[in-house]
Amino acid sequence: MRRIAGKRLWWAVLAGAAADLAGLGLIAAAAWLITRAAQQPPLAALSVAIVATRAFATGKGVFRYAERLTGHDVALRAQAGTREELYEALIPPQRPRHGGADLLSRMVDDTEAVQDLLVRCLLPAAAAAVAGLAAVVVGLAVLPVAALVLAAGLALAGLALPAGTAAAARRWSARIAPARAALAGRVADLVHGSADLAAYGADEQALRRAEAADEALAALERRQARVHAAALAGGTLLQGLTVAAVVLLAQGTGVGSVGTAVLALTALVSFEPVLPLAAAGERMAGVMAALRRLREVRSAAPAVAEPAAPAPRPQAPLTVEVEDLVVRHSPAPARPALDGVSLRLTPGRRVAVVGPSGAGKSTLLAALMRLAEPESGHVRVNGVDVRDLAGDDVRALMTGLTQDPYVFRTTLRDNLRLAGPEADDERLRRAVDDARLGDWVARTGWDAELGEDGRTVSGGQLQRLALARALLYDPPVLLLDEPAEALDEETADRLMADLLDVTRHRTTLLVTHRLKGLEGVDEIVVLEEGRVTQRGRHDELVAVPGYYRDLWESEVLTRR
Amino acid sequence: MHKDLLRLMRTERSVRRHLAVTLAAALLAGLLVLVQAELLAGVLSGRFTAAALGALAAVVGVRALLAWTQGVFAGRTATGVKSALRHRLLARLRELGPGRLAAHRSGELVTLAGRGLDGLDAYLTGYLPSIAVAAVVPLAVLVRLFAADLTSAVIVLVTLPLIPIFGALVGMTTKAVTERQYRALARLGGHFLDVVRGLPTLRAFGRARYQAGVIRRVADEHRGATMRTLRVAFLSSLVLELCASLSLALVAVPVGLRLLGGSLDLTTALLVLLLAPEAYLPLRAMGTRFHASMEGVAAADAAFAVLDTAGDPADDPADDPAGDPAGDPAGDPARPSWAGAAAPPAAGAPEIRLEHVTVRYPGRDGAALEDVTLTIRPGERVALVGESGGGKSTLLHLLLGFVRPDEGRVLVDGTDLRELDPAAWRARLAFVAQRPHLFATSVADNIRLGAPAASDDDVRRAAAAAHADFVDALPEGFGTVLGERGANLSAGQRQRVALARAFCRPDASVLLLDEPTARLDGRSEAAVVAATAELARGRTAVVVAHRPAMIGLVDRVIRLHAGRVLSDTSPPPTPTGDEHAAGRAGGDFPAVPSVAALGDGRDGTRGRV
């Protein structure tokens, strides 16, 4: 951030200071002009003050405009820099975090804190410091003891008050955050649990609980408002009393009416840029918390270690061997997500992995794609352990349709081409046709904007789009993670049929919970609780009791 | 000004009072600035003695007190309005009920009723008081100026309107430009979030690094567009700033010249100098506050949009609490339609009859249920099977009273369900949703959801019957507080807590289960099936089922397709299903050693972590 802001930051500070100084100069010159004029000197004695008054008046507006423009420019640059750093930090595979999509949104919001820090906190503080200093210097020239009083008043209003509000805001946000979370939880109960609540006649009670959570939060917020109120009152008091004290001192020492007026009005106006700093202090608590969260993200260790000297990327055709693989998401006493899984994928072979949710199917794919670090065991590609390969190289060899494929807010063409930037229209069309997406593309058009939370893309089209991407990328080993997830039965059946059709003779690892069509794959591996409990071909597995036959029967049953 | 919000504030007495105090404090503090200027001018010109400084200090003290009062009461106003709005929203959510709530985006509702309303703070604590001050203080300053010095007053009077006029002019000429550019901004600003969200996909295709460059380019574009917008948008503030500061110069210079000529006294001149800026300040403050309050206005709009969505009239005739916008919590607006409802038929397993029932959901083609006629005899156990979207869950929701037939009727022992008090009817039901919601309270409280009076022993018995033995292995047993949305239990464990809920209603005579074993692994499934078998004993049971083990429990299988009954077969059609159910429940299945051992086995250890 510092690196990017650089010289522009100084320009912004200068412009801000100049605007505040012009404001100060305007009032000082006007005060001098008026009190001096009352002594009825020759007109020539006033001409400088007249010009100065007009110049300061114009300058104030112009400098303020310049400050706001340069300030926002600096802030935007700083924000862009922060975002870039955040993005760079997120590129290596991440350990799964709690919060998922919400967390990402918050991270992105957090990058805006940098903008707040500059525009609302640092720049005003710097400008206020310069203006305050200038006022004190004016005071020193007129009456040193009054300048001391002014300096004390300004320091209290510009340092002590903001420090106080910042500390209070920190303390209060620590108390309010749990109350807020509790309220959100109770509201979520009402929304997500509405069926359970209504069925068991407990909705009244849940509503009361939500209202109680609201009361608790409101009580805290009411008390928090006192901090803000006290800061406002303190600022008003400091400004008024400082001015009164300065006037008292000036009159007591006989500085004269011109000096007194200049002193008094300068003191009065010098508080104007200083008083808003108390509110900036309140904001600082949030800004610092956001910056701390960003730092934590940046310093988080990636999920997998990259080799210092990566081995050369193996050439297709590829044989993938998984041997005794153990992957753990949470530390030891917990069951590992994968507990000693072995399988072998030779060129042209298709292997399906089935099992209940939470059995470790997606973890297996994550380990293959170098997104999760194994605790023990090996994944070898043509005999080379994937740990010795660069992560990007591994993913160039083994990838495809991953969990939760994403539709970017761009055209259909660009959404596809991210998997094949060099692909010509002919290849794009072929991938789309192979994914049985041709009709839809013909209807929507290649340049249709997709995205906006996938509003324009149905679940089935999304999965097919992801499949088209995978086919366009055409990796030596194609991985497909639950391609029929979240689809209705009919769409799922059609997609699976198409998929099994286009993957014929491709080296493919298919993770699925639908068994229809698996007669065609070379091997089926049943994973339960991280272990392989059954393996074989479809007709072998339906012949023996177990998870596979059970699932098959329920599928048959629901179909009839 | 937000009309709905103002109306809301008027109806809440405490809010009205707090707002009145806030505005009064803001106005008084604004007017006291005039007194302060008067005193200061007098002291500086030598008209008042230094003793007047004491009065000045007193005025400052009172202003500080008023500022404190304003801050405190503005906070109370804000929390009061937010609470009032939130209470209405929550009551509305309950009123919509599970049937119609599904039509809303649930995540957005949760955010709106929670954090979303906080956007109102800036509007209520900043903008509203600033309007009052801007309406009164400049006028008061003008009046005082006219009394003191006509020339200066005229200058201020002429320049003062320039602020709103220039503001409006600049606003109008730049409106189109700024709006277009703000839209571009929103799109570009969204790009970063878009890319970060899609990072796993980019990583899968080796495009993550490439996008770093795109992000930089887009950020540059974003900045360029923003700065173009701001150059114009800040013009209005430049004009305002210039108006105010040049007016001060315009006032000060002639005043100085007239002092020179002796046609004006110093006190008046200083008063004019001190007061002139105070005429402009409130207007500029209001402009700044207005921009900061836009988010709150959007939140209020969203909240009132939810409050104003009229309930489907056919669905719920009593939905419009017309005379009672506050949604009086005691007089539950969803219930009056059943006031004077028929007493629920005698307890004991009832006969349920559907006669030509059709259910349609608004905004959806085709009926969810179409002309369904069937009779479920007392104590009969029925499985509903068929493709998803075939109408199985709708049928359950119909029996629960969450949805009502558009045509036809549902009879319980011959009484139309519409004429039964839904609370009394639901008291006879035990329901396990497909994804039961667990609340962030203790396991015991989750189990006694439908029977708040149940003793600890009742809860334990219910849990044991539901094969939820894993609860004992939790850190604090039945007192263990579950994470948000039951996050620290596995799917199978959650399902068994929900089943225990059903067991904890021993008087329930009708059991409604929505795919209780979906997404469970074999072992959890066996436990749930065994528990369900016990629960169904002696009750009418309607079970949405997919798995053979579950279907093995029933007397009758009804297959639904596209909202119609496709087949209605009495014995379970698959012999393997029977075999399985027996095998699972009996314990001779090799992978499942014994149902009783399951609960405190693997699942128990998993529950601890």
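Residues numbered from 1 in each chain as written. Chains lettered and ligands numbered in written order. Predicted model: local features only at pLDDT ≥ 70, side-chain atom pairs only at ≥ 80, totals over all residues.

## Considering the overall build of chain B
Threshold: Only runs of H or I of at least four residues qualify as helices and only runs of E of at least two qualify as strands under DSSP, and these elements are numbered from the N terminus. We call a residue exposed when 12 or fewer other C-beta atoms sit within 10 Å of its C-beta, buried when the count reaches 20 or more, and partly exposed for counts in between; the C-beta positions come from the backbone. Here, residues touch in the contact sense if the C-beta positions derived from the backbone fall within 7 Å of one another.
Assigned secondary structure in chain B consists of 21 helices and ten strands. When the 609 residues of chain B are sorted by exposure, 49% land in the buried category. By sequence separation, contacts in chain B at least 24 residues apart represent 79% of the contacts at least 6 residues apart.

## What to know about the overall build of chain A
The line we're drawing: Computation of the radius of gyration draws on C-alpha atoms alone. For the globule rule, the value is 2.2 Å times the number of residues to the power 0.38.
When you go through chain A residue by residue, the secondary structure sums to 18 helices and ten strands. Relative to a compact globule of 560 residues, whose C-alpha radius of gyration would be 24 Å, chain A shows 34 Å and is clearly more extended. Based on the C-alpha atoms only, the size of chain A along its principal axes is roughly 115 × 60 × 50 Å. Residues classed as buried in chain A amount to 51% of the 560 residues present.

## Looking at the sheet that holds strand β5 (residues 384-385) of chain A
Residues and elements named next belong to chain A. Basically, it comes down to this: Note on pairing: two strands pair once DSSP finds at least 2 bridges between them. Every axis in this analysis is a line fitted to C-alpha atoms, fitted for helices over the stretch in contact. Angles between the N-to-C directions lie between 0 and 180 degrees.
Here we have four strands laid out as an open sheet, ordered β2-β1-β4-β5, and antiparallel in their pairing. Taken across any chain shown, the strands that pair with only one partner, and hence form the sheet edges, are β2 (338-345) and β5. Sitting on the sheet, helix α10 (residues 361-368) touches β1 (320-327), β2 and β4 (376-381), and the angle it makes with β2 is about 65°.

## Structural notes on unusual backbone geometry
Residue and element names in this part refer to chain A. Each neighbour pair has its own omega, and for Ala 316 with Pro 317 the value is 0°, a cis peptide bond. Position of Pro 317 among the secondary structure elements: in the loop between α9 (277-299) and β1. The backbone of Asn 382 shows a phi angle near 45°, a positive value even though the residue is not glycine. For Asn 382, the location among the structural elements is in the loop between β4 and β5. We note that Asp 474 has phi near 50°; this positive angle belongs to a residue other than glycine. Within the secondary structure, Asp 474 is located in the loop between α15 (459-473) and β7 (477-481). A count of 14 C-beta atoms within 10 Å places Asp 474 in the partly exposed class.

## Some words on the pairing of strand β1 (residues 352-359) of chain B
All names here are of chain B. Here β1 runs beside strand β2 (residues 369-376); their pairing, made up of five bridges, is antiparallel. Considered in β2, the bridge of Arg 353 is made with Thr 375. One ladder, built from five bridges, connects β1 with strand β4 (residues 407-412); its direction is antiparallel. Note on β4: the bridge partner recorded for Thr 358 is Glu 407.

## Quick word on the interface of chain B and chain A
The condition that has to hold: Amino acid classes used here: Ala, Val, Leu, Ile, Met, Phe, Trp, Tyr, Cys and Pro are nonpolar; Asp, Glu, Lys and Arg are charged; the rest, including Gly, are polar.
The partner chain A presents 116 residues to the 118 residues of chain B that form the contact. Broken down by element, the side of chain B that touches chain A gets its largest block of residues, 26 residues, from helix α3 (residues 52-101) of chain B. Class assignment of the residues belonging to the side of chain B that touches chain A gives a composition of 69 nonpolar, 27 polar and 22 charged.

## Focus: the environment of Glu108(B)
All names here are of chain B. Relative to the elements of secondary structure, Glu 108 occurs in helix α4 (residues 106-113). On the basis of neighbour counts, which here come to 13 C-beta atoms within 10 Å, the residue Glu 108 falls in the partly exposed class. Taking the C-alpha atoms as reference, Glu 108 lies 9.9 Å from Ala 302; in sequence the two are 194 residues apart.

## Quick word on helix α12 (residues 392-400) of chain B
All names here are of chain B. Buried residues dominate α12, accounting for nine of its nine residues. For α12, the full list of buried residues reads Lys 392, Ser 393, Thr 394, Leu 395, Leu 396, His 397, Leu 398, Leu 399 and Leu 400. One or two residues past the end of α12 sits Gly 401, with phi positive at roughly 80°.

## Things to note about the pairing of strand β9 (residues 556-561) of chain B
Residue and element names in this part refer to chain B. Alignment of strand β3 (residues 381-385) against β9, held across four bridges, turns out to be parallel. For Val 382, the partnering residue across the bridge sits in β9 and is Arg 556. Relative to strand β10 (residues 564-569), β9 runs antiparallel, the two being bridged by five bridges. If you follow Arg 559 over to β10, its bridge partner there is Ser 567. Linkage of β9 to β10, two consecutive antiparallel strands, is achieved through a turn of two residues, within which Ala 562 is found at a positive phi near 50°.

## Some words on the sheet that holds β3(B)
All names here are of chain B. A sheet is described by the order of its strands in space; here six strands give the open sequence β6-β7-β8-β3-β9-β10, paired in mixed fashion. Since the sheet does not close on itself, it has two edges, and those belong to β6 (429-432) and β10, each with one partner. Across the sheet, the axes of successive neighbouring strands diverge by a mean angle of 15°, strand direction being ignored.

## A few points about the nonpolar core
Note on soluble globular proteins: their nonpolar side chains tend to be buried together. We count it as follows: Defined on buried residues, the nonpolar core groups Ala, Val, Leu, Ile, Met, Phe, Trp, Tyr and Cys residues joined through C-beta atoms within 7 Å.
Among the nonpolar cores identified, the biggest contains 363 residues, and Ile34(A), Val246(A), Ala264(A) and Leu273(B) are the most heavily contacted of them. Excluding residues within four positions of it along the chain, Leu273(B) makes contact with Ala30(A), Ala31(A), Ile34(A), Ala252(B) and Val255(B).

## Here's the deal with the packing of helix α5 (residues 144-192) of chain A against α9(A)
All names here are of chain A. The line we're drawing: Take the far helix as the reference: if the near one is turned anticlockwise from it by less than a right angle, the crossing is left-handed, and if turned clockwise, right-handed.
Between α5 and α9, whose axes approach to 7 Å, the crossing angle comes to 35°. Of the two possible hands of crossing, α5 and α9 adopt the one that is right-handed. Within the contact between the two elements, α5 uses Gly 158, Leu 161, Pro 162, Ala 163, Thr 165, Ala 166, Ala 169, Arg 170 and Ser 173 and α9 uses Leu 277, Ala 278, Ala 280, Gly 281, Glu 282, Met 284 and Ala 285. Of the residues that constitute the contact of α5 with α9, the class distribution is ten nonpolar, four polar and two charged.

## Here's the deal with the packing of helix α2 (residues 13-45) of chain B against α3(B)
Geometry of a packed helix pair, given as the angle between the helix axes and the separation of the axes. Residues and elements named next belong to chain B. Here is the rule: When describing relative orientation, an angle under 35 degrees is termed roughly parallel and one over 145 degrees roughly antiparallel, while 65 to 115 degrees is termed roughly perpendicular and anything else oblique.
One way to put it is that α2 packs onto α3 with a least axis distance of 8 Å and a crossing angle of 160°. Accordingly, the angle class assigned to the pair α2 and α3 is roughly antiparallel. In the crossing of α2 with α3, the sense of the turn from one axis to the other is left-handed. For the contact of α2 with α3, the class distribution of residues is 25 nonpolar, nine polar and two charged.

## Description of the confidence of the model for chain B
All names here are of chain B. The following threshold applies: What pLDDT expresses is the predictor's confidence in each residue, scored from 0 to 100.
Summary statistics for chain B give a mean pLDDT of 79 and a share of 81% for residues scoring 70 or more. Mean pLDDT values over the elements of chain B span from 31, in helix α20 (residues 595-599), up to 94, in α2. A low-confidence stretch, residues 312-345 (pLDDT under 50), is modelled with 41 contacts involving residues beyond four sequence positions or located in other chains. Taken together, the chains of this predicted complex give a pTM of 0.79 and an interface ipTM of 0.84.

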